[in-house]
Amino acid sequence: MKEKMQWPWPWRRRKVVVVVVLRKLLTCAICVIALMGLLSVRVQVFPSSKVSDLSDPYKLPTVTQHELNYQKLSAEKKWTQELTPPHLSKEQAPPHLSKAPLSSHKLNGANGSLDFEKLWKQPSNRDFVPCVQPGSNYTAPDESRGYLLVHTNGGLNQMRAGICDMVAVARIINATLVVPELDKRSFWQDTSNFSDVFDEDHFINALANDVKVIKKLPKDLSSATKVVMHFRSWSGLEYYRDEIASLWEEFQVIRAAKSDSRLANNHLPPDIQKLRCRACYKALRFSPKIEAMGKLLVDRMRAYGPFIALHLRYEKDMLAFSGCTHGLSDVEAEELRTIRENTAYWKIKDINATEQRSRGYCPLTPTEVGIFLTGLGYPSNTPIYIAAGEIYGGDTHMADLRSRYPILMSKEKLASVEELEPFTNHASQMAALDYIVSVESDVFIPSYSGNMARAVEGHRRFLGHRKTISPDRKALVRLFDKIEKGLLMEGRKVSNRISEIHKKLQGSPRRRRGPVSGTKGMDRFRSEEAFYVNPLPDCLCKRVSENVNASTASMR
């Protein structure tokens, strides 16, 4: 037998010491890993406050002071002190006040287990940031040559765009702008004045270095010679400097009969384009009471976790105007036709509803929206804020969407009757509340590309390209028709198709689209993407990295 080898004593001692040290290091490592795991439980994968906490000077203004002011005006209501509206049932209450938790890091959608981040992650802004400061040659407003009166037209967002354009027009023609009149004769018959919807003093002060703005025309000019003008649609600098500015030779006051689409989308001086953005995203903010109520609605939706703001454009006026009747009864379709016939300023009366829908010109129905959201992968416990007026047909047409997504909230559900009372009979003020929640939502989805959808999309692009999913209605209609006819079943195939179609329709940075090739005249301007839908490149610039600055400096 071979003799067993014996290690020298000093070597055996060192071996024991090494083993002991290794054991201690391993124990420490396990403790550290366990501690980190324990702490990570308290960290959200995607914080729901990511959007609203952006430290951006052009985000919807903070309203702490406004809330305080409004509390003084209606202290007895104390509506800013409650996160949960008093009239909500336990089933409707936010998850931290109910038994059923709603949040999860893995959400089950049509494709099975979908990653939480895939549903809610914002698209990359590719380092585009607001750049709206005027150039070095920009000066204070020149001496005023006269007064510009403006009569806005349309709903809230049509008026917003028109007001901002008229700020630019006043600068171009050296006019003093009188605070615009809001449309009181449109379909909504809203009696709100400018100061009821917007912060009038802020509007005047914010534009002090651009345009002189006054609240009312001076009394001594009440009998002055005026001219009422229908400014030509989509007009450029030359039109206003040559044709309109020449009117000062005869008139002291120019009145713009309409304000929508009176300024070109493109080919204007950079300082004029930046002024339009300053007016829209800095000067034209909502009144203190609207801002405060809007913030409250956002906070109450946040209590449910990340949420979708769905602009469900399925109101009576929209359907009557567009002539879209898919899914409606014969009686409902006839009612809409009668409304269209009796609305004088709606020029098109005879509309083929089937043809409209096949071209993608109709808003998605609530049922179609449900199929769309399911196809994208959003699970049934997704909180959804319905940004809309009264849905045509009410529960009859909302039943299918509600069965898929029971957490359907609205301003009427999130706030009590008493809280909404100051706004209820004013369509523009109610629309402003929806606008605020839509801009601040984690995901915004419009069922139709109307004025509000376009305005919200542009604002979200300006604030960092927040996630905005724009349905391709023409492509979706083909899928919906096959499902309706039983030729296609909802499931993985439909979900994959919907996801693929909308992969690049989620609000990522891109340049504003120009006119459609081959179009001429007014059709050419109509086919352009509107300025306020996408402020790139005029009002967004690439952030210059510190490394680039450093290397540039070293080359000097």
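Keep in mind that what you see is a predicted model, and the values were worked out from it rather than measured.

Rules used throughout
- Residues numbered from 1 in each chain as written.
- Predicted model: local features only at pLDDT ≥ 70, side-chain atom pairs only at ≥ 80, totals over all residues.
- Heavy atoms only, no water.
- Helix = DSSP H or I, 4+ residues; strand = E, 2+ residues; numbered from the N terminus.
- Buried < 20%, exposed > 50% of the residue type's maximum accessible area, 1.4 Å probe, protein only.
- Contact = heavy atoms within 4.5 Å.
- Areas by Shrake-Rupley, 256 points an atom, 1.4 Å probe, with all protein chains shown as cover.
- Pairing = 2+ DSSP bridges.
- Phe/Tyr/Trp six-rings, centres within 6.5 Å; stacked < 30°, edge-to-face > 60°.
- Lys NZ or Arg CZ within 6 Å of the ring centre and 35° of its normal.

Caption draft 1: Molecular detail of the overall build of the protein. For the protein, the count of helices and strands is 22 helices and 13 strands. In the protein, buried positions account for 49% of the 556 residues. Contacts in the protein between residues at least 24 apart in sequence constitute 80% of all its contacts with a sequence separation of at least 6. When the accessible area of the protein is evaluated, it comes to approximately 29,100 Å², of which 54% is carbon and sulfur surface.

Caption draft 2: Here's a closer look at the pairing of strand E8 (residues 253–256). Bridging between strand E4 (residues 146–150) and E8 involves four bridges; their strand directions are parallel. Looking across to E8, one finds that leucine 148 is bridged to isoleucine 254. Pairing between strand E7 (residues 226–229) and E8: four bridges, direction parallel. Bridging from a neighbouring strand, lysine 226 pairs with valine 253 of E8.

Caption draft 3: Quick look at the packing of aromatic side chains. If you walk through the whole model with that rule in mind, you get 12 aromatic pairs. Between tryptophan 120 and tyrosine 378, the aromatic rings sit 5.4 Å apart at their centres with planes inclined by 75 degrees, giving edge-to-face as the arrangement. Here the residue tryptophan 120 occupies a position in helix H3 (residues 116–120), and tyrosine 378 occupies one in the loop between helix H13 (366–376) and strand E10 (384–386), the gap between them amounting to 258 residues. Take tryptophan 120 and tyrosine 378: they sit in the same class, and that class is buried. Centre to centre, the rings of phenylalanine 194 and phenylalanine 203 are 5.2 Å apart; their planes meet at 55 degrees, and the pair counts as tilted. Using a relative accessible area of 4% as the deciding quantity, one classes phenylalanine 194 as buried. Overall, phenylalanine 203 belongs to the buried group, its relative accessible area being 0%. An aromatic cluster is defined as three or more aromatic residues linked by ring pairs; in this entry it consists of Phe194, Phe198, Phe203, Phe286 and Tyr435. For arginine 276, the ring lying beneath its charged end belongs to phenylalanine 531, and the centroid distance is 4.2 Å.

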